[in-house]
Amino acid sequence: MIHGKHAVTTSQIVAEVSDRHPHAAWAPRIDGIAASTGIETRGWMLPLETAVAPGNGSGLRAVGIDSAQQALARDGFTQQDVERVIAALETIPAPQTVQERTAPAWEAVQSYGEHAARGALQSAGLDAADIDCVITSNSTTPALPGLDIALANKLPLRSDVMLLPATQWACIAGTRSLALAANLVAADPDRVVLIVIAEALSTTYQPADDTLESLIVRLLFADTAVAAVVTGRPRPESVLRLDAAWHHTLPGTQDLHRLETRADGTHFVMDRRGPRAVQETVTAMWDWLRVRYQDEPGSWHPDVLLAHPGGTRVLEYMEQTMPDAWPSGLLDYSRDSYTSGNRGGAAVFDILRRAHDAGRLKPGDRAVLYAAAPGLTATALEGEWL
């Protein structure tokens, strides 16, 4: 796990947003809204100042100076007045363009992804030459060639390595990449798969937006890169054996949560109906586990549940709807992860890391990994701690 190195506090965000939007409908409630997230600080790949800085051009960039001069002249302004107005307008900074906002973040995503990949290889006792396949995901900094090609050159990888980029998995990147890796390893147990997820979710911080949903987005997201190795080879460093995967997509929900690219960059659009729809995927996952362990309905339960449903509201729903016989505290590490921000596709790995570092699990314990993402789609995995 490589967390964003720039600590951005909730108080900094509240101060910046309050100063920019003092008359927003939610302004009187901003302190309570911020406190309700339970997040005091989150790590970003770039500092807050980078996100809120003006663009390199002036407010005239969109229409052009010549067009502005002609419009003023047609309205009866004298040449002297036209020059005075143009000079004043040129001092007004324009918002950052998509390129100005995305380019430095894309550089950071590549650097963080490489750092995470090298760390995962070192932990596994492997070299880049051992890798047969790379699965990558980064939803917030679109680029072609992508993160897979960047890693192939930076590590570097063998020329015959299979590259599988998945730029639109978003929050399910952790679980779905593991599911895909498990399938690849099942077909060839000697295969070594490297998973790399690097997300600069801070690029969705849009200073000009004054909606309540935009405020919540500002407060929630963190930047993270993660890498993991999956293989069928016996390894002394093994942590989790992947035994089964489940996928689920809700029809007609594609507009509930989405990324939109506008003139000033990437915007994450949330719908208040989203959490309730995500709850439907949770119910479907419970059904999958019930059928999978129908021969031992009263005795089986996971020893840890590593869940990234997008927010604590759905975590509460999971606690309310899981079987009564299951032990309490299954979602402790999932809840703990949210206290430092929503990490998108890297979140499940962050939760897994926390459980591992805490020494919470012992060999033979069962783990369930679950995540939901815009679409709405979900993937879950069930396996055994080794």
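Rules of the game
- Residues numbered from 1 in each chain as written.
- Predicted model: local features only at pLDDT ≥ 70, side-chain atom pairs only at ≥ 80, totals over all residues.
- Heavy atoms only, no water.
- Helix = DSSP H or I, 4+ residues; strand = E, 2+ residues; numbered from the N terminus.
- Buried < 20%, exposed > 50% of the residue type's maximum accessible area, 1.4 Å probe, protein only.
- Contact = heavy atoms within 4.5 Å.
- Areas by Shrake-Rupley, 256 points an atom, 1.4 Å probe, with all protein chains shown as cover.
- 1 Å grid on protein atoms, 1.4 Å probe; cavity = no way out; pocket = protein on both sides within 12 Å on 5 of 7 lines; lining within 4 Å.
- Points joined across faces, edges and corners; volume = space filled by probe spheres on them.
- Nonpolar A, V, L, I, M, F, W, Y, C, P; charged D, E, K, R; others polar.
- Core = buried A, V, L, I, M, F, W, Y, C linked by side-chain atoms within 4.5 Å.
- Domains from an automatic or database assignment.
- Buried area = accessible area lost by both parts, 1.4 Å probe.
- Salt bridge = Lys/Arg side-chain N within 4 Å of Asp/Glu carboxyl O.
- Polar contact = N/O pair within 3.5 Å; in protein donor to acceptor, adjacent residues only side chain to side chain.
- UniProt positions renumbered as here; feature names shortened; annotations may be inferred.

1. Comments concerning the overall build of the chain
- Along its length, the chain carries 13 helices and 13 strands.
- Along the longest, intermediate and shortest principal axes, the C-alpha atoms of the chain span 85 × 50 × 35 Å.
- Out of the 386 residues belonging to the chain, those deemed buried represent 51%.
- For the chain, long-range pairs separated by at least 24 residues make up 79% of all intrachain contacts whose partners lie at least 6 apart in sequence.
- For the chain, the accessible area works out to roughly 17700 Å², and carbon and sulfur atoms hold 52% of it.

2. What to know about the environment of Leu-240
- Along the polypeptide, Leu-240 turns up in strand S8 (residues 240–249).
- The spatial distance from the C-alpha of Leu-240 to the C-alpha of Arg-313 is 28 Å, given a sequence separation of 73 residues.
- Apart from residues lying up to four places away in sequence, Leu-240 is in contact with Ala-367, Leu-369, Gly-383, Glu-384 and Trp-385.

3. What about helix H9 (residues 212–220)?
- When we look at burial in H9, the residues that qualify are Ser-214, Leu-215, Val-217, Arg-218, Leu-219 and Leu-220.
- The inward-facing, buried residues of H9 contact helix H1 (10–20), helix H2 (30–36), strand S3 (41–44) and strand S10 (265–270).

4. Considering the layout of surface pockets
- What the second largest pocket holds in volume is close to 990 Å³.
- Contributing to the lining of the second largest pocket are 34 residues, with Ala-228, Val-229, Glu-237, Ser-238 and Val-239 lying nearest its centre.
- Broken down by secondary-structure element, the contributors of at least two residues to the lining of the second largest pocket are helix H6 (98–124), helix H8 (173–187), strand S7 (224–231), S8 and helix H13 (347–357).
- Looking at side-chain class alone, the lining of the second largest pocket contains 22 nonpolar, 7 polar and 5 charged residues.

5. Points about the nonpolar core
- Within the largest apolar cluster, 36 residues are counted, with the highest numbers of intra-cluster contacts made by Ile-135, Val-193, Ile-195, Phe-349 and Leu-369.
- Mapped by element, the contributors of at least two residues to this core are strand S4 (133–137), H8, strand S6 (192–199), S7, strand S11 (304–308), H13, strand S12 (366–373) and strand S13 (377–385).
- By residue number, the principal contributor to this core is H8, which donates 6 residues.
- Leave out the neighbours within four places in its chain, and Val-193 touches Cys-133, Ile-135, Ala-181, Leu-184, Val-185, Ala-228, Val-229 and Val-230.

6. A word on the domain arrangement of the chain
- Segmentation of the chain into domains returns domain 1 (2–51 + 95–231) and domain 2 (240–385).
- Each partner contributes to the interface: domain 1 provides 42 residues, whereas domain 2 provides 37 residues.
- Carbon and sulfur atoms supply 66% of the area that domain 1 and domain 2 bury against each other, a total of about 3200 Å² over both sides.
- Linking domain 1 to domain 2 there are 1 salt bridge.
- Here domain 1 is connected to domain 2 by 13 residue pairs in polar contact (both at pLDDT 80 or more).
- Listing elements by their share of the side of domain 1 that touches domain 2, those giving two or more residues are S3, H8, S6, H9 and S7.
- When its residues are assigned to classes, the side of domain 1 that touches domain 2 shows 23 nonpolar, 14 polar and 5 charged.

7. Focus on the UniProt feature "active site" (unreviewed entry) in the chain
- Mapped onto the present numbering, the UniProt feature "active site" (unreviewed entry) falls on Cys-171.
- You can see Cys-171 is positioned in the loop between strand S5 (162–165) and H8.
- Of the residues examined, Cys-171 reaches a relative accessible area of 14% and is grouped as buried.
- Those residues within four positions of Cys-171 in sequence are excluded, and the remaining contacts are His-308, Gly-344, Gly-345, Ala-371, Ala-372 and Ala-373.

8. Brief notes about the environment of Thr-136
- With respect to the helices and strands, the residue Thr-136 is situated in strand S4.
- Considered as a pair, Thr-136 and Ser-238 are 102 residues apart in the sequence and their alpha carbons are 21 Å apart.
- Apart from the residues within four sequence positions on either side, Thr-136 is in contact with Leu-147, Asp-148, Leu-151, Leu-164, Pro-165, Ala-166 and Val-196.

9. Section: the pattern of salt bridges
- The tally for this structure, following the rule as stated, stands at 23 salt bridges.
- The shortest N-O distance in the salt bridge between Asp-160 and Arg-158 comes to 2.9 Å.
- Notably, a salt bridge pairs Glu-384 with Arg-366, separated by 3.0 Å at the nearest N-O pair. Of the two residues, Glu-384 is situated in strand S13 and Arg-366 in strand S12; the sequence distance between them amounts to 18 residues.
- Judged by relative accessible area, which is 15%, Arg-366 ranks as buried.
- Connected via shared salt-bridge partners are Arg-241, Asp-243, Arg-292, Arg-366, Glu-382 and Glu-384.

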